[in-house]
Amino acid sequence: MSVAGVVVREDGRVLAIRRADNGTWEPPGGVLEVAEGFEDGVRREVFEETGIEVGVERLTGVYKNVSRGIVALVFRCAPEGGSEQLSAESTAVDWLTPEEVSDRMAEVYAVRVLDALRGDLTPALRTHDGQRLLGG
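In short, a report on the structure. (Residues numbered from 1 in each chain as written. Predicted model: local features only at pLDDT ≥ 70, side-chain atom pairs only at ≥ 80, totals over all residues. Heavy atoms only, no water.)

1. Focus: helix α1 (residues 38-50)
Keep this limit in mind: Secondary structure elements follow DSSP: runs of H or I no shorter than four residues count as helices, runs of E no shorter than two count as strands, and numbering proceeds from the N terminus. By this rule the span expected of a helix is its residue count minus one, scaled by 1.5 Å. Burial classes follow relative accessibility: with a 1.4 Å probe on protein chains only, a residue under 20% of its type's maximum area counts as buried, one over 50% as exposed, and anything between as partly exposed. Only heavy atoms enter the contact rule, under which two residues are in contact if any of them lie within 4.5 Å.
Helix length check: α1, at 13 residues, gives a terminal C-alpha distance of 18 Å against a target of 18 Å (1.5 Å per residue), a fit within 8%. Those residues of α1 not exposed but buried are Gly41, Val42, Arg44, Glu45, Val46, Glu49 and Thr50. Structurally, α1 contributes buried residues whose contacts are with β1 (2-7), β2 (14-19), β4 (29-31), β5 (52-65), β6 (70-82) and β7 (90-96). Of the residues one or two after α1, Gly51 is the one with positive phi, at around 85 degrees.

2. Focus on the packing of aromatic side chains
Rules: Any two rings among Phe, Tyr and Trp, with Trp reduced to its six-membered ring, count as a pair given centres within 6.5 Å; such a pair is stacked if its planes are under 30 degrees apart, edge-to-face if over 60, and tilted if neither. Remark: a charge is flagged as sitting over a ring if the NZ atom of Lys or the CZ atom of Arg is within 6 Å of the ring centre and within 35 degrees of the ring normal.
Summed over the entire model, instances satisfying the criterion amount to 0 aromatic pairs. One cation-aromatic arrangement involves Arg104 over Trp25; the distance from NZ or CZ to the ring centre is 4.9 Å.

3. Focus on the sheet that holds β2
Keep this limit in mind: At least two DSSP bridges between two strands are needed for those strands to be called paired. Throughout, an axis means a line fitted to C-alpha atoms (over the contacting stretch in the case of helices), and angles, computed between N-to-C directions, take values from 0 to 180 degrees.
Pairing is antiparallel across the open sheet formed by 3 strands, whose spatial order is β3-β2-β7. Single-partner strands in this sheet number two, and they are β3 (25-26) and β7. In the sheet, β2 pairs with β3 via 2 bridges, with the strands oriented antiparallel. Residue Ile17 lies in a different strand from β3, and its bridge partner there is Glu26. The strands that α1 touches are β2 and β7; relative to β2, the one it contacts most, it runs at about 65 degrees.

4. Observations regarding the side chain of Thr50
Our working rule: A 3.5 Å cut-off defines polar contacts: any pair of N or O atoms within that distance qualifies, except that in protein one atom must be a possible hydrogen donor and the other a possible acceptor, and neighbouring residues in sequence count only when both atoms are side-chain atoms.
Within the secondary structure, Thr50 is located in helix α1. The exposure class assigned to Thr50 is buried, which follows from its relative accessible area of 0%. Here Ile52 takes part through its backbone nitrogen, which lies 3.1 Å from a polar atom of the side chain of Thr50. If we ignore the near neighbours within four places in the chain, the residues touching Thr50 are Leu15, Ile17, Pro28, Ser83, Glu84, Gln85 and Val93.

5. A look at the sheet that holds β5
Spatially, β4-β1-β6-β5-β8-β9 is the arrangement adopted by the 6 strands of the open sheet, whose pairing is mixed. The sheet is open, and its two edges are formed by β4 and β9 (133-135), each paired on a single side. Put simply, the sheet's adjacent strands are angled 35 degrees from each other on average, direction ignored. Sheet analysis places β1 next to β4, joined by 3 bridges and oriented antiparallel. Residue pairing in the sheet places Val3 in a bridge with Gly30 of β4. Strands β1, β4, β5 and β6 of the sheet are contacted by α1, whose axis makes an angle of about 110 degrees with β5. Where helix α3 (residues 107-117) meets the sheet, its contacts fall on β1, β5, β6, β8 (124-128) and β9, and the angle it forms with β5 comes to roughly 120 degrees.

Below is the structure:
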């Protein structure tokens, strides 16, 4: 089970990282620790990868990678402190516009961010193969 945080500033820009292992742009996140709660995991992952402290607002989507059998929970978050910094997992940290999200991120990650920006309070349920959306 993995979690990710779509951190949205007041100006509408979204926090993103360029991953150190593959160079792709994604919202910050990662695998939950065994005894860790969902929201605690989101806060930890975002802080570890970006240096930004967040408040978790709501679940915005559930995404299943059918190729790898991984389920990701994505939460909309608000920045509460800290400052941008790199980590062993990120080679860049940036605040992107929704248009930049669509340009820089692969479809399966961009849709997570765009779902979190929707005003709809019902979480999206989507499946993908690691590259392309399959449903939802």
